[in-house]
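# Fold and contact review
This is what each chain is made of:
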Amino acid sequence: MKICIFGAGAIGGYMAAKLVQAGADVSIVARGPHLAAMQDKGLTLIEEGHDPVTLPVRASANAADLGPQDYVILTLKAHSVPPVVGAMQPLFGPATTLVHGVNGVPWWYFHKHGGPLDGTRLASVDPGDVQWNGFGPDRVLGCVVYPAAEVSEPGTIHHIEGNRFSLGEPDGSKSDRATALSQALQAAGLKAPVRPRLRDEIWIKLWGNLSFNPISALTHATLDVLCTDPGTRDVARHMMIEAQTIAEKLGITFPIDVERRIDGGAAVGAHRTSMLQDLTANRPMEIDALVRAVQELGSLTDTPTPTVDTVLALVTLRARVAGLY
Ligand SMILES: NC(=O)C1=CN([C@@H]2O[C@H](COP(=O)(O)OP(=O)(O)OC[C@H]3O[C@@H](n4cnc5c(N)ncnc54)[C@H](OP(=O)(O)O)[C@@H]3O)[C@@H](O)[C@H]2O)C=CC1
Ligand SMILES: CC(C)(CO)C(=O)C(=O)O
């Protein structure tokens, strides 16, 4: 089974290291000093309770060096994907599966969704249908990423916590391709359940990212603070209730309530969300996939989203003023 991880930064680098350790046939597409370090010295993984390991990896900036794959695991930030659709084409053969390990509302959300919105394209996450047309939605195997990791220096991945990558077909079936990848990830010591209702998990994760991430970028507060301060907790609550109304119209079932989800955020502790980290490091922020897409889903389902709209306007201007949007 040939696996290529495209955009092997924090999450893709963690997956790559675990798969290489387990003897899988893995290659990496990366760039810049991180790629140079992996090519020179190998990929180093630091995990709690383990000695750091440095592993030889096949890494390139150019997909054409690696050729067609069985699985391409995409672990870029959402806004980085449209510009690389063309550059990724050498990785695809007729049966290549694209595993979409990207936070937020995925561009393929309505593929095989059923109902009146089946096949709808989302302009907020896929302007011009570049991904829909360039990848083709039939390749897609959905993935919800739960681990936390960071690139602590070029070539080095610091795993913080978690090892679950939930997988799911857009039509909910337990396909051979999902089962085979799940087995490969499990052999690498990762949790990789194949879910019949992956969109439910997308929304549970999105609940937090939709609200905590922009609130943290606006306030610079850590999760423990913004989830317990009465004012920001209330803003998060309103955003999540608006999202829940949309999601339930789309057939989503939430196994927990909003208060429990916010308590879960608070329990993570003094964590700076990825959007706050991106803002302070002058990197583009995942505003469209995490927040604007929910606004778009609100308008597709005739659901008012006043709090989402307000926070989206503020965080968009914050990013624009910083030159990041
Ligand atoms: N990190 C985390 O703890 C978590 C992340 N996620 C999600 O997982 C996804 C990946 O996040 P994360 O791993 O943190 O992101 P990273 O930025 O660490 O990784 C993406 C990597 O792709 C590289 N890259 C970008 N464009 C290209 C390109 N054109 N060619 C080759 N390489 C490229 C980036 O390089 P460069 O640095 O030069 O831009 C970077 O090394 C996101 O959607 C994120 O929200 C989900 C859960 C937790
Ligand atoms: C904040 C958290 C942990 C959940 O919303 C996250 O996923 C992020 O930092 O992007």
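Keep in mind that this is a model prediction, so the values were computed, not measured.

Calculation criteria
Residues numbered from 1 in each chain as written. Chains lettered and ligands numbered in written order. Predicted model: local features only at pLDDT ≥ 70, side-chain atom pairs only at ≥ 80, totals over all residues. Heavy atoms only, no water. Salt bridge = Lys/Arg side-chain N within 4 Å of Asp/Glu carboxyl O. Helix = DSSP H or I, 4+ residues; strand = E, 2+ residues; numbered from the N terminus. Buried < 20%, exposed > 50% of the residue type's maximum accessible area, 1.4 Å probe, protein only. UniProt positions renumbered as here; feature names shortened; annotations may be inferred. Domains from an automatic or database assignment. Contact = heavy atoms within 4.5 Å. Buried area = accessible area lost by both parts, 1.4 Å probe. Polar contact = N/O pair within 3.5 Å; in protein donor to acceptor, adjacent residues only side chain to side chain. Nonpolar A, V, L, I, M, F, W, Y, C, P; charged D, E, K, R; others polar. Near = heavy atom within 4 Å. Areas by Shrake-Rupley, 256 points an atom, 1.4 Å probe, with all protein chains shown as cover. Pairing = 2+ DSSP bridges. Axes fitted to C-alpha atoms, helices over the stretch in contact; angles between N-to-C directions. Parallel < 35°, antiparallel > 145°, perpendicular 65-115°, else oblique. Left-handed = near helix turned anticlockwise from the far one by under 90°.

What follows is about the pattern of salt bridges. Counted under the stated rule, the structure contains 15 salt bridges. A salt bridge links Lys77 to Asp278; its shortest N-O distance comes to 2.9 Å. In this pair, Lys77 sits in the loop between strand 6 (71-74) and helix 3 (85-88) while Asp278 sits in helix 10 (residues 274-280), placing the two residues 201 residues apart along the sequence. Here Glu259 makes a salt bridge to Arg237, at a shortest N to O gap of 2.6 Å. With a gap of 22 residues between them, Glu259 in helix 9 (residues 258-268) and Arg237 in helix 8 (residues 230-249) connect regions that are remote in the sequence. You can call Glu259 partly exposed: its relative accessible area is 31%. For Arg237, a relative accessible area of 23% corresponds to the partly exposed category. Salt bridges linked by common partners bring Arg233, Asp234, Arg237, Glu259 and Asp263 together as one network.

What follows concerns unusual backbone geometry. A positive phi angle is found at His220, which is not glycine, with a value near 65°. Tracing the backbone through its elements, the reader meets His220 in the loop between helix 6 (198-219) and helix 7 (223-226).

Per the UniProt record, "domain: Ketopantoate reductase C-terminal" (unreviewed entry) is found at residues 198-316. Helix makes up 75% of residues 198-316 and strand makes up 0%, while its end C-alpha atoms are separated by 29 Å.

Right, let's talk about the domain arrangement of the protein for a bit. Taken domain by domain, the protein holds domain 1 (2-196) and domain 2 (199-321). A straight line from the C-alpha centre of domain 1 to that of domain 2 covers 23 Å. With 28 residues of domain 1 in contact, the opposing surface of domain 2 contributes 23 residues. In total, domain 1 and domain 2 occlude about 2,200 Å² of area from one another, counting both sides; carbon and sulfur atoms represent 59% of this. For the pair domain 1 and domain 2, the interface holds 3 salt bridges. Linking domain 1 with domain 2 are 15 residue pairs in polar contact (both at pLDDT 80 or more), by the criterion used here. Residue composition of the side of domain 1 that touches domain 2, by class: 15 nonpolar, 8 polar and 5 charged.

Topologically, Asp200 is positioned in helix 6. With a relative accessible area of 13%, Asp200 lands in the buried category. Not counting residues within four places of it along the chain, the set of residues in contact with Asp200 comprises Ile252 and Thr253.

This next bit is on the site of ligand 2. If you check the shell around ligand 2, you find Lys205, Gly208, Asn209, Phe212, Asn213, Leu223, His271, Thr273 and Ser274 and nothing else. Between ligand 2 and Asn213, the relevant distance is 3.0 Å, taken from an oxygen atom to a side-chain nitrogen or oxygen of the residue. For ligand 2, an oxygen atom lies 3.3 Å from a polar atom in the side chain of His271. Protein burial of ligand 2: of its 280 Å² of free accessible surface, 81% is covered by the chains.

Burial within strand 8 (residues 140-145) is extensive, with 6 of its 6 residues counted as buried. Both faces of strand 8 are covered, namely the face carrying Val140, Gly142 and Val144 and the face carrying Leu141, Cys143 and Val145. Both strand 7 (residues 97-100) and strand 8 contribute to a ladder of 3 bridges, which runs parallel. By the bridge assignment for strand 8, Val99 is matched with Leu141. Bridge count between strand 8 and strand 11 (residues 165-168): 4 bridges; the pairing is antiparallel. The residue of strand 11 that forms the bridge with Val144 is Ser166.

This part is about the packing of helix 6 against helix 11 (residues 287-300). At their nearest, the axes of helix 6 and helix 11 sit 8 Å apart, and the two run at 110° to each other. Here helix 6 lies roughly perpendicular to helix 11, going by the angle between them. The handedness of the crossing between helix 6 and helix 11 is left-handed. Only Ala289, Leu290, Val291, Val294 and Leu297 of helix 11 make contact with helix 6, whose side of the interface consists of Trp203, Leu206, Asn209, Leu210, Asn213 and Pro214. The residue inventory of the contact of helix 6 with helix 11, partitioned by class, reads 9 nonpolar, 2 polar and no charged.

For the rest of this paragraph, the subject is the sheet that holds strand 9 (residues 148-153). Read across the open sheet, the 4 strands follow the order 4-3-10-9; overall the sheet is mixed. Two strands in the sheet have a free side with no partner beyond their single neighbour: strand 4 (53-55) and strand 9. Between one strand axis and the next, the sheet turns through 25° on average, direction left out of account. Bridge count for strand 3 (residues 43-46) against strand 10 (residues 156-161) is 3 bridges, and the pairing is parallel. Paired with Ile46 across the two strands is His158, which belongs to strand 10. Running at roughly 95° to strand 3, helix 1 (residues 10-21) makes contact with strand 3, strand 4, strand 9 and strand 10 of the sheet.

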